[in-house]
Amino acid sequence: GGPFRRASLDQMQRATKADALRHPTWVMGAKITIDSATLMNKALEIIEARWLFDLPPEKIRVVVHPQSVIHSIVEFHDGSMICQLGPPDMKIPIQYALTYPERLPLPVRKLKLEEVSTLTFEAPDPVRFPALRLAYQVLRLGGTAPAVFNAANEIAVAAFLRDEISSVEILGSVERTLREHVVEDNPSLEELLAADSWARQEAARHLQPITTRSR
């Protein structure tokens, strides 16, 4: 939830673009920082994890970790867990993606365990962060639904960054677009691209009355 982790719905409604871009631990581009503020980044990662690790949705859950030190946790059948820890720096996962399976030296701040005084975890609030609920819905729908989910969010975030809508209206637009989409099961690449294009047009149409009112 970035800067909105403790914010009320009313505070999120009144938050400015500058407020949403003020992430307490990460320095990222504007789009992903807004996705972090709405937890859409975690919603998309739920979908990614389902396919990357061949997991049923009920085996995947999001835990909020404000210190941004633990970046992933894998639980084994016996209940034990393995965590991946590191400083909050996107250069680390980007380099690893480029050099996998090798890990090369990287001039970033090293994590010193003696300086990590506390690691805390929270359950995300599904009311303030509906993106997570929608992610599981998208997985149940399958087919073209994930493409529509992603595309509609990109359009809504762009509108927010132009100061045309509030942060809470981002997910409202995404949900309306999903609701009006007729899902194609087992889509071809052409059908996925068509769904992406349709979602962008539909999300923009939903947002038009809002953006006109905000001017």
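So, here is what we can say about the structure in this document. (Residues numbered from 1 in each chain as written. Predicted model: local features only at pLDDT ≥ 70, side-chain atom pairs only at ≥ 80, totals over all residues. Heavy atoms only, no water.)

## Considering the packing of helix H6 (residues 131–141) against helix H7 (residues 145–161)
Logical step 1: At a minimum axis distance of 8 Å, the contact between H6 and H7 shows a crossing angle of 150 degrees. The angle between H6 and H7 places the two elements in the roughly antiparallel class. The residues of H7 that touch H6, namely those facing Ala131, Leu134, Ala135, Val138 and Leu141, are Ala145, Pro146 and Phe149.
Logical step 2: Per-class residue counts for the contact of H6 with H7 are 8 nonpolar, no polar and no charged. (Axes fitted to C-alpha atoms, helices over the stretch in contact; angles between N-to-C directions. Helix = DSSP H or I, 4+ residues; strand = E, 2+ residues; numbered from the N terminus. Parallel < 35°, antiparallel > 145°, perpendicular 65-115°, else oblique. Contact = heavy atoms within 4.5 Å. Nonpolar A, V, L, I, M, F, W, Y, C, P; charged D, E, K, R; others polar.)

## Comments concerning helix H4 (residues 40–52)
Logical step 1: Between the first and last C-alpha of H4 there are 18 Å, a value that for 13 residues agrees with the 18 Å anticipated at 1.5 Å per step.
Logical step 2: If you check which residues of H4 are buried, you get Met40, Asn41, Ala43, Leu44, Ile46, Ile47 and Ala49.
Logical step 3: Where H4 is buried, its residues touch helix H3 (30–38), H6, H7 and helix H8 (168–179). (Expected span 1.5 Å × (residues − 1). Buried < 20%, exposed > 50% of the residue type's maximum accessible area, 1.4 Å probe, protein only.)

## Looking at the nonpolar core
One broad trend across soluble globular proteins is that nonpolar side chains are buried collectively.
Logical step 1: Counting residues in hydrophobic clusters, the biggest one holds 41 residues, and the most contacted among them are Phe4, Met40, Phe149 and Ile170.
Logical step 2: Sorting the residues of this core by element identifies H3, H4, H6, H7, H8 and helix H9 (189–214) as the ones contributing at least two each.
Logical step 3: Broken down by element, the residue count for this core peaks at 9 residues, all from H7.
Logical step 4: Leaving out residues up to four positions away in the same chain, methionine 40 has contacts with Asp35, Ala131, Phe149, Asn153, Leu171 and Val174. (Core = buried A, V, L, I, M, F, W, Y, C linked by side-chain atoms within 4.5 Å.)

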